[in-house]
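# Close look at the chain arrangement
The chain contents come next:
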Amino acid sequence: MDLCIPLPLPNEELEDIIDKAKDWALMHGVEINTIASGFGWLGPAATNLHKFILQELGVPEKIKNLPDNNALQGICTGMIEAWKIYNDQKAVILFVIEDVTYNICDQRFHEFEIRRLNPDIKVIRRNLTQLAAGAKLGQNKELLMDGYTIAVVYYRSGYEPGQYYSKNEWDARLLIERSLAIKCPSIQYHLAGAKKVQQALAKPEAVTRFLRDEKTIERVKEIFTGLYSLNFDEHGDAAVEMGIANPKKFVLKPQREGGCNNIYGMNVRSFLESTKNKQERVAWILMDRIDPPLQINYQIRPGSDTDTELKELVSELGIFGVIIGDEKTVLINRQVGHMLRTKIATADEGGVASGLGACDSPYLID
Ligand SMILES: Nc1ncnc2c1ncn2[C@@H]1O[C@H](COP(=O)(O)OP(=O)(O)O)[C@@H](O)[C@H]1O
Ligand SMILES: [Mg+2]
């Protein structure tokens, strides 16, 4: 049984999202994240803040233009539904955490929200090293840790090799994977979020494996951004030449998560030139560079003395989804909220933590 957050799988709601998103801006998909997606709380918090500001500015009638955002509640409801499916009143939800959680102000609210929605459910937080030392499987492959049975495992860590310090952490991951606990994500969904897999899934014929309705297939494909393999074959060779000829039109991506790993601009050319005959090149994918519409607006950041200057900004919308199922059946599949990040137009990546982006909320206009 897998629980995966966030992953908006195509359904009727997806069509609705695409419609709305097309109204907001030209939409191009950057990626699907299937592990440790942040801002479930900061997304709704930004909406609440903007509602407050509109009220303070004396224009409460404009508040209706901010779409509702219940991402935190939706994500936590998904975890609680998974906990219910596991069907053991005493079992707990495990958050697999980093040694130091920098976005704790986002993450901790998931725990508080679970407690608010169902006070009977306990959340425990452990890092992979602690799990390696203490976790074991019970007689029926229950995941046991410190006297608790784990119903649901929610990974906020474990998405990059550096978080597995030794074989012990990998062993812990394997143990969890083999257990009865419902994983968010399971290894299959984790892999589905890998850049190389997304490149394979974005091939035109791949969508038809998962969707039947022609119209939906066409609409889903419309938001795809060109993704090219750099394999040693004619397609890969053509992609290498394309990147070298027009580096500013592409982004190079390795199989990494967490931001700041991609290569942009003229570095695309130098990287491709230096690796084009090396095996390493197949570990990367090439992607069309998205050129989002510019907006002139303010960006407020702590310690900044340019807050009152108008700047050219671009926004990135994230949609949260919950899917629960096993290899045969999808039990739950719905979108549960959103988050918007807005960054300075000249920045390649939009990280809020890196100081270039800010939490934002969409404002709908006719
Ligand atoms: N094709 C693209 N065109 C323009 N910017 C991109 C593109 N792909 C990624 N980015 C920027 O880089 C950021 C990180 O890229 P992403 O693929 O999401 O990597 P990660 O999984 O490490 O977050 C995105 O949020 C976006 O700001
Ligand atoms: Mg990602």
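Residues numbered from 1 in each chain as written. Chains lettered and ligands numbered in written order. Predicted model: local features only at pLDDT ≥ 70, side-chain atom pairs only at ≥ 80, totals over all residues. Heavy atoms only, no water.

## A look at the pairing of strand β11 (residues 284–288)
- Judged by how many residues are buried, β11 sits mostly within the fold: four of five residues are covered.
- As judged from the three bridges shared by strand β8 (residues 227–229) and β11, these two strands associate in the antiparallel manner. Considered in β11, the bridge of L227 is made with M287.
- In terms of strand pairing, strand β9 (residues 250–254) meets β11 through five bridges, oriented antiparallel. When the bridges of β11 are listed, F250 appears paired with D288. (Buried < 20%, exposed > 50% of the residue type's maximum accessible area, 1.4 Å probe, protein only. Helix = DSSP H or I, 4+ residues; strand = E, 2+ residues; numbered from the N terminus. Pairing = 2+ DSSP bridges.)

## Re helix α3 (residues 71–86)
- Its 16 residues give α3 an end-to-end C-alpha distance of 23 Å, which sits within 8% of 22 Å, the value for a rise of 1.5 Å per residue.
- Every buried residue belonging to α3 is among A71, L72, G74, I75, C76, G78, M79, I80, A82, W83 and Y86, and all of these are buried. (Expected span 1.5 Å × (residues − 1).)

## A word on the domain arrangement of the protein chain
- Here the domain parsing of the protein chain yields domain 1 (2–218 + 313–335) and domain 2 (226–288).
- On a C-alpha basis, the centres of domain 1 and domain 2 stand 29 Å from each other.
- At the junction of the two partners, domain 1 supplies 14 residues and domain 2 supplies 14 residues.
- Overall, the association of domain 1 and domain 2 removes approximately 1100 Å² of surface from exposure, summing both partners, and the carbon and sulfur fraction of that is 55%.
- For domain 1, the biggest contributors to the area lost against domain 2 are K195, K196 and Q199; these three give 54% of the whole.
- Viewed at the interface, domain 2 and domain 1 are joined by one salt bridge.
- Measuring nitrogen to oxygen at the nearest pair gives 3.3 Å for the salt bridge that ties E257 to K195.
- Our enumeration of links across domain 1 and domain 2 arrives at five residue pairs in polar contact (both at pLDDT 80 or more).
- Residue classes in the side of domain 1 that touches domain 2 are distributed as five nonpolar, five polar and four charged. (Domains from an automatic or database assignment. Contact = heavy atoms within 4.5 Å. Buried area = accessible area lost by both parts, 1.4 Å probe. Salt bridge = Lys/Arg side-chain N within 4 Å of Asp/Glu carboxyl O. Polar contact = N/O pair within 3.5 Å; in protein donor to acceptor, adjacent residues only side chain to side chain. Nonpolar A, V, L, I, M, F, W, Y, C, P; charged D, E, K, R; others polar.)

## Examining the side chain of R173
- Within the fold, R173 resides in helix α6 (residues 167–178).
- Under the relative-accessibility criterion, R173 is labelled buried at 6%.
- Here H190 takes part through its side chain, which lies 3.1 Å from a polar atom of the side chain of R173.
- Setting aside chain neighbours within four positions, we find R173 in contact with Y155, G158, Y164, P185, I187 and H190.

## A closer look at the pairing of strand β14 (residues 330–344)
- In the sheet, strand β13 (residues 311–325) pairs with β14 via 13 bridges, with the strands oriented antiparallel. The residue bridging L313 from the neighbouring strand is I344, located in β14.
- Remark: four residues form the turn of the hairpin made by β13 and β14, two consecutive strands paired antiparallel.

## A closer look at the confidence of the model for the protein chain
- For the protein chain, mean pLDDT is 91; residues scoring 70 or higher make up 93% of the total.
- A low-confidence stretch, residues 1–10 (pLDDT under 50), is modelled with 61 contacts involving residues beyond four sequence positions or located in other chains. (pLDDT = per-residue confidence, 0-100.)

## A look at the UniProt feature "binding site: Mg(2+)" (unreviewed entry) in the protein chain
- The positions that UniProt labels "binding site: Mg(2+)" (unreviewed entry) are, in the present scheme, E257.
- With respect to the helices and strands, E257 occurs in the loop between β9 and β10 (263–264).
- Discounting residues that sit within four places of it in the chain, E257 has contacts with E31, N33, Y159, E160, G193 and K195. (UniProt positions renumbered as here; feature names shortened; annotations may be inferred.)

## Some words on the packing of aromatic side chains
- Using the criterion set out here, one finds six aromatic pairs in the structure.
- When the centroid spacing of 3.8 Å and the interplanar angle of 10 degrees are considered together, the rings of Y164 and W170 count as stacked.
- Owing to a relative accessible area of 46%, W170 belongs among the partly exposed residues under this scheme.
- Pairwise contacts between aromatic rings join W41, F109 and F112 into one cluster.
- The aromatic ring of Y155 is capped on one face by R173, whose charged end is 4.5 Å from the ring centroid. (Phe/Tyr/Trp six-rings, centres within 6.5 Å; stacked < 30°, edge-to-face > 60°. Lys NZ or Arg CZ within 6 Å of the ring centre and 35° of its normal.)

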